[in-house]
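Coordinate analysis (summary)
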Amino acid sequence: PQHASGSYAVLATMYSAMNAKYLGSEGKRLLTLTEEQLKRFAQPRCRSNLYDKRRARSRNAFACMDGLIEKKLVRKEIVRNTNGGREIEKWGLLEAGEILGRLCVEFDSAVDQ
């Protein structure tokens, strides 16, 4: 994916979370992220606004998730919240997404040097 695009930010962020390399991780690995966690952690890597509520979901930077699912890079889980019974969407990397996410993180490291 293009540097600083929604897809790039999401893949790099999910890979970082899997490896406890995110702000405030304290060594805790996150294998899946909620939409809110993903937006919060990915926004610094993304040139577009992942929170843009003026646009329909299909037109904001977070809309890349549908394409990432189609390309079999990420998976979406629906988990029932035990505190209120409502369902929560959680996102995780598949094997190909993990490889691409690692490459995005390595590119970030090279650019930052």
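Refer to the structure presented above.
Residues numbered from 1 in each chain as written. Predicted model: local features only at pLDDT ≥ 70, side-chain atom pairs only at ≥ 80, totals over all residues. Heavy atoms only, no water.

**Considering the pattern of salt bridges**
This model, assessed by the stated rule, comprises six salt bridges. With a closest N to O distance of 2.9 Å, E35 and K39 form a salt bridge. Separated by four residues within a single helix, E35 and K39 lie in helix α2 (residues 35-42), roughly one turn from each other. According to the relative accessible area criterion, E35 is partly exposed, its value standing at 24%. Note that E89 and K76 form a salt bridge whose closest N and O atoms lie 3.4 Å from each other. Of the two residues, E89 is situated in strand β3 (residues 87-93) and K76 in strand β2 (residues 74-80); the sequence distance between them amounts to 13 residues. Under the relative-accessibility criterion, E89 is labelled partly exposed at 27%. (Salt bridge = Lys/Arg side-chain N within 4 Å of Asp/Glu carboxyl O. Helix = DSSP H or I, 4+ residues; strand = E, 2+ residues; numbered from the N terminus. Buried < 20%, exposed > 50% of the residue type's maximum accessible area, 1.4 Å probe, protein only.)

**Topic: the nonpolar core**
Core analysis: the biggest nonpolar cluster contains 28 residues, and M14, L38, M65 and L68 have the highest contact counts within it. Listed by contribution, the elements that provide at least two residues to this core are α1 (6-18), α2, α3 (64-70), β3 and α4 (95-112). Top element by residues in this core is α1. It accounts for nine residues. Setting aside residues no more than four positions away along its own chain, M14 makes contact with L33, L38, V74, W91, G92 and L93. (Core = buried A, V, L, I, M, F, W, Y, C linked by side-chain atoms within 4.5 Å. Contact = heavy atoms within 4.5 Å.)

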